Amino acid sequence: MPPRTPSAQLVPVTPPKVYAKWWRQVVRDCHCTPAVPFERLSWFSVKGHSFPCIKDDCVGAFVWNDSAGVPPTILLAKWATGDPRIVRHEMLHAVLGGDLTHRNPLWRFYDVKLGP
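Residues numbered from 1 in each chain as written. Predicted model: local features only at pLDDT ≥ 70, side-chain atom pairs only at ≥ 80, totals over all residues. Heavy atoms only, no water.

**Q** Is there a simple way to think about the overall build of the protein in this case?
**A** Looking only at helices and strands, the protein has three helices and six strands in total. Ordered by position in the sequence, the α and β elements of the protein form the string β-α-β-β-β-β-β-α-α. Sequence separation of at least 24 residues holds for 66% of the intrachain contacts in the protein that already meet a minimum separation of 6. Working note: accessible area of the protein is about 6,800 Å², and carbon and sulfur atoms make up 56% of it. (Helix = DSSP H or I, 4+ residues; strand = E, 2+ residues; numbered from the N terminus. Contact = heavy atoms within 4.5 Å. Areas by Shrake-Rupley, 256 points an atom, 1.4 Å probe, with all protein chains shown as cover.)

**Q** Help me understand the state of the cysteines, please; the structure alone is not making it clear to me.
**A** Two cysteines joined by a covalent bond between their sulfur atoms form a disulfide. As enumerated under the stated definition, the model contains one disulfide in all. Here Cys30 pairs with Cys32 through a disulfide, and the sulfurs are 2.0 Å apart. The sign of the S-S torsion, about 105 degrees, decides the handedness of the disulfide formed by Cys30 and Cys32: right-handed. With a relative accessible area of 13%, Cys30 lands in the buried category. (Disulfide = S-S within 2.5 Å. Buried < 20%, exposed > 50% of the residue type's maximum accessible area, 1.4 Å probe, protein only.)

**Q** Looking at this structure, how should I read the sheet that holds strand β1 (residues 10-12)?
**A** Whenever strands of a sheet pair, they do so through backbone hydrogen bonds, lying parallel or antiparallel. Strand order in the open sheet formed by four strands is β1-β2-β6-β5, with mixed pairing between adjacent strands. The open sheet has two edge strands with one neighbour each: β1 and β5 (60-65). The mean angle between the axes of side-by-side strands here comes to 30 degrees, regardless of whether they run parallel or antiparallel. Taken together, the three bridges between β1 and strand β2 (residues 42-46) define a ladder with antiparallel strand orientation. The residue bridging Leu10 from the neighbouring strand is Val46, located in β2. Against the sheet, helix α2 (residues 84-96) touches β2, β5 and β6 (70-77), its axis set at about 165 degrees to β6. (Pairing = 2+ DSSP bridges. Axes fitted to C-alpha atoms, helices over the stretch in contact; angles between N-to-C directions.)

**Q** Please explain the pairing of β2 as it appears in this structure.
**A** Side-chain positions along a regular strand alternate between the two faces of the sheet. Most of β2 is tucked away: four of the five residues are buried. The sheet contact formed by β2 and β6 spans five bridges and is parallel. Residue Trp43 lies in a different strand from β6, and its bridge partner there is Ile74.

Right, here's the structure in full:
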């Protein structure tokens with residue numbers, strides 16, 4: 001989990017069926033083999049509007065560290081679990097196996113700007 005997110009705020013989520021549809025769309029746009037299969041992802045909702053993560057507060061995050069025993073996991077602020085822009089953004093991280101710096105050209109379609 002992100003280093004600053006208290007585990008008490010995490011609620012396991014069963015991904016709704018629409019997530020599988022969104023996943024297939026992200027994989028199709030990527031024209032690549034996903035770094036992790038959809039079925040292997042763990043999903044959590046995080047209580048509150050946002051949660052602390054690596055740089056600042058986040059509404060979504062993808063974490064994965066096999067060597068530390070952290071399975072591929074997508075975290076979403078509770079309100080964001082139904083927002084396709086945010087869910088697909090985190091899915092692209094999973095498909096690409098990370099890409100925290102958003103260097104892949106696909107980010108121009110999947111980057112999310114929140115706020116004013």
